[in-house]
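The lines below spell out each chain.
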Amino acid sequence: MCSEAEEKVAKRANGCERAFICREKIKWYWAPAFIAFWLLIYCSISIPASNHLPRPLTIKDEAKYPDRFIAERAEQVLHSLVALGPRVVGSKENEFGSVRVISSTMQKVRSELSAVHDIEMDVQVASGSYIHWGAVNMYQSIQNIVVKISPKGTNSSNYVLVNSHYDTVPAGPGAGDDGSMVASMIETMRVLAKSKYPLKNPVVFLFNGAEENPLQASHAFITQHKWAKNCKALINLDSAGNGGREILFQSGPNHPWLMKSYRRAIKHPFASTMAEEMFQHNFIPSDTDFRIFRDHGAVPGLDMAYQYNGYVYHTRYDRAEIFPRGSFQNTGDNLLALVREISSAPELEDTSKYAQGHTVYYDVMGWFLVFYSETEGIILNVVVSIAAIVICSIAIKLMSNNNGIKLEKVLKRTLHTFVLLILGVVAGFCLTLFISWFMDVVHLPLSWFTHNWLLLGLYFCPFFFGLAIVPALYFHYTATDRFPIGQRVQLLLHCHCLLLALLTLVLTTCGIRSAFVLMLSCLFYTVGLVFNLATNLHRRNVLWIIPHMACYVPPFLFFAYFSHSFLVTFIPMVGRFGDTVNPDLVMAAFSIAVGLLIGGMIVPLLHMFRKSKTIICALMGITLICIIIAVTPMGFPYRPETSVQRFNVLHAKRTFHDADNNVRKSETGYFIMPQDRRTYAVKNKVINMTMATSVREECKKETFCGYPLYNMRWHKTRERGLWIPASAPILGTLPAVKVVSKKQLTPHRIRFEMELTGPDHMGIFIQPLNGARVEGWSFHEAPLRLHFEPPYYIYFSYGVNGDPLKFWLELEKPSGDWKTPTVELGLHGHWTHHKEMFTPDFKKFLNSFPNYVDATPWPASYETWQY
């Protein structure tokens, strides 16, 4: 409350000042309204903008909009594809069912074909190999369905390639990933084919049948298909969720004309340079066909994907029923316009002429796209940063004049304030990281996994508290200072702007294009500061806040918009980061970065309120409440179907042979690969889970731990697996290598001719023994040419043709002693689409998992042989 003398002073002020201000500060009870204002515009503007979808068109609308994408038709295609169930490479659902569904829709497209277009369809069956994540990724007889729509009578050799995949992981029906994009492509193709307006250049629609293996079918197309060499630009469509808006997260590279086409054509922009840099620096645990087309075909393009509702990604809950029809319309409107635009682009004639460097791009609230070259971005960042530094310096100089204090003392105060700001950032940083460590230590990580709003209390509030409490204590103990509080808070904001300007310059020097977000904060703060300086409001203790807040609303809305989109994308992803990563530490780091960006210009204003220290301490009260909630059932991370916990569970048999190929060890059990930090959540619920042991000790003894590692990602994370002894699995024909011939080429060199047979997903581990080394083989040459360290990993899968894989190995042994084994082969097989092979014990084990768990199961084997 104000004292009696202060009330007398207040009576001489106008009515507005009397309502808000007391002793050069804002009355404390306006603080909740101040905080609520920012939360309100975040919830009422930023979140709706992030979630907005257009009205979906139905078949009834087609007569009115004959050249528009019809969402209902795409939805029908999706339902027919998903009705097949999981579509794993090698399964009849993928190799025959999917081909049948897509081919039948092609017949309908042909029936509506206009007189100005031709259409061709080809089913490619291909075999090949390439290097992926340090292993040889080898495929045999996988399939692609390729459709080309061309202007009638064209002789153009410049094609636009549009790609998505119809295969799925073993777990689920793949409605979002990637059936939705397949359906969108088919409907886009239908509209183009029947249009009376001819395309300028042909468009190739690639429905690839082996992306999840990973990325095999795209490699088969771009390296072997007859139309591949003519594909000059790419639109890649994928998904890491189920619906929402498709985000453009990779472009080019080095082809700005594609972003110009995107900006001209796109109806509902959603794009982010920051997402591109994060993806390409492996912050996101995924990969797409875009990389294959870029690296193996040098095809520039645009990479777009769904990211909403990533909780169901690669689970059995990725269903067509929950896919929003509005997402089809959003993607369809964009894809149709983009295909028309790029297929008409003159740059297709010779794209190499237009390779002009990286770009900076981002959409603003989904309303429009901002795009400029990397060079222009560097200039803009530097100019704005220098301007911000100059304007802040002028403001600091005017503080000296206005307060009658020597400039030297003001500069000294500025240095003190800058140090205070850094200490506040450090305090918030340490406090936030401490809480993330504490939540993990007390077995409460991921408490925000379902209720995302808990992040605000758990990690944003502690950072804001640390950011504010250090200056608050300083202001308290120097209350008799000649600087009015309004001037001191302004100086704190100037220092924050200087910090952001310096960070912008550093990040720009490091070639980080995402520095534009810091530049925007500096820009809008500088605009508000210039207004205050021009109107002399900077001399008023409180009124300067109004222009400052008004100028900060636009960047706040934008930062809140893309931060919310990031959270929606990233939170489900940490559910598959594995058990070696503390997910709370990841989200704490995100909260610090966003908090500094968004809160740095808002939190200092809390010092302008009466009882500011109480208000600031209330932030920690919110944190305490959220920690208490995390302990309750509300803080339990998982919910059935909507936000599940993930496990891969293999019913496996392991057999090891010695130098005489006698069995030295054989065991059966469940090989479990946890996907997140809270493996212990099921410890007392799942049968025999208390008997689970880590495989780390086995990894020290056996080649690649001696377990059936499904693919390259498992290979990289193998040491986090668990093993539970159990009864024997039912297996099909085991992977087996037959030695066709063995020939000694020189006294020190030997050659094996071999054949591999087994299920449609297998792997070979190759470990030279007793001083031997592999000098040649029929697999991809890169591991030997680049001197990869053994053991070597060969991943192999086949589609429609299961003929034996024939290969040869040449090994050299400097000692010339061929009496001892030369090489050990570890063979693993996976029956990923054979539920009929589940034993009663395995079914019972799987059924013991809680209903909030999505377990991906199949039988598997691992066996070693020495030669």
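Before any of the text, the structure's been laid out above.
Residues numbered from 1 in each chain as written. Predicted model: local features only at pLDDT ≥ 70, side-chain atom pairs only at ≥ 80, totals over all residues. Heavy atoms only, no water.

A. Here's a closer look at the environment of isoleucine 391. In this structure, isoleucine 391 sits in helix α12 (residues 374-403). Between the alpha carbons of isoleucine 391 and valine 530 there is a distance of 7.3 Å; along the sequence they are 139 residues apart. (Helix = DSSP H or I, 4+ residues; strand = E, 2+ residues; numbered from the N terminus.)

B. Region of interest: empty space enclosed by the protein. If you walk through the whole model with that rule in mind, you get 5 cavities of 30 Å³ or more. Looking at the largest cavity, its volume works out to about 60 Å³. In this structure, the largest cavity is lined by Gln490, Leu493, His494, Tyr525, Gly528, Leu529, Asn532, Trp544 and His548. The element contributing the most residues to the lining of the largest cavity is helix α16 (residues 516-535), with 4 residues. Along the lines of polarity and charge, the residues of the lining of the largest cavity split into 4 nonpolar, 5 polar and no charged. (1 Å grid on protein atoms, 1.4 Å probe; cavity = no way out; pocket = protein on both sides within 12 Å on 5 of 7 lines; lining within 4 Å. Points joined across faces, edges and corners; volume = space filled by probe spheres on them. Nonpolar A, V, L, I, M, F, W, Y, C, P; charged D, E, K, R; others polar.)

C. Quick look at helix α3 (residues 31-51). Taking 1.5 Å per residue, 21 residues should reach 30 Å; α3 reaches 29 Å between its end C-alpha atoms and fits that length. Among the residues of α3, those classed as buried are Ala31, Phe34, Trp38, Ile41, Ser46, Ile47, Ala49 and Ser50. (Expected span 1.5 Å × (residues − 1). Buried < 20%, exposed > 50% of the residue type's maximum accessible area, 1.4 Å probe, protein only.)

D. Structural detail: the pairing of strand β13 (residues 663-674). Relative to β13, strand β12 (residues 645-657) is paired through 11 bridges, and the arrangement is antiparallel. From the neighbouring strand, histidine 657 faces β13, where its bridge partner is valine 663. Taking the residues between adjacent antiparallel strands as the criterion, β12 and β13 are bridged by 5 residues, where asparagine 661 takes a positive phi near 60°. Pairing between β13 and strand β15 (residues 722-725): 4 bridges, direction antiparallel. (Pairing = 2+ DSSP bridges.)

E. Local environment of the sheet that holds strand β21 (residues 805-812). An order of β16-β17-β21-β19 is seen for the 4 strands of this open sheet, with the pairing classed as antiparallel. Both edges of this open sheet fall to β16 (736-746) and β19 (773-777), since each of them pairs with a single strand only. Across the sheet, the mean angle from the axis of one strand to that of its neighbour is 25°, orientation sign disregarded. Of the strand pairs in this sheet, β16 and strand β17 (residues 749-757) are connected by 9 bridges, and their pairing is antiparallel. Its bridge partner lying in β17, threonine 746 is registered against arginine 749. (Axes fitted to C-alpha atoms, helices over the stretch in contact; angles between N-to-C directions.)

F. Quick look at the side chain of arginine 413. By secondary structure assignment, the location of arginine 413 is in helix α13 (residues 407-441). On the basis of relative accessible area, arginine 413 is assigned to the buried category, the value being 14%. When neighbours within four sequence positions are excluded, arginine 413 is seen to be in contact with Tyr474, Asp481, Phe483, Arg488 and Leu491. (Contact = heavy atoms within 4.5 Å.)

G. Structural context of the packing of aromatic side chains. Tallied over the entire structure, the rule returns 50 aromatic pairs. Between phenylalanine 636 and tyrosine 852 the ring centres are 5.0 Å apart and the planes differ by 75°, which places this aromatic pair in the edge-to-face class. Here the residue phenylalanine 636 occupies a position in the loop between α19 (612-631) and β12, and tyrosine 852 occupies one in the loop between α23 (840-847) and β23 (853-866), the gap between them amounting to 216 residues. Among the residues examined, phenylalanine 636 registers a relative accessible area of 25% and is labelled partly exposed. Residue tyrosine 852 is classed as buried on the basis of its relative accessible area of 8%. Ring centres of phenylalanine 838 and phenylalanine 842 lie 5.1 Å apart, and the angle between their planes is 70°; on these two criteria the pair is classed as edge-to-face. The exposure class assigned to phenylalanine 838 is buried, which follows from its relative accessible area of 11%. Following the ring pairs from residue to residue traces out a cluster consisting of Phe460, Phe463, Phe464, Phe566, Phe570, Phe577 and Phe590. Taking NZ or CZ as reference, arginine 245 lies 3.8 Å from the ring centre of phenylalanine 270, over its face. Above the face of the phenylalanine 656 ring, lysine 665 is positioned so that its terminal group lies 4.9 Å from the ring centre. (Phe/Tyr/Trp six-rings, centres within 6.5 Å; stacked < 30°, edge-to-face > 60°. Lys NZ or Arg CZ within 6 Å of the ring centre and 35° of its normal.)

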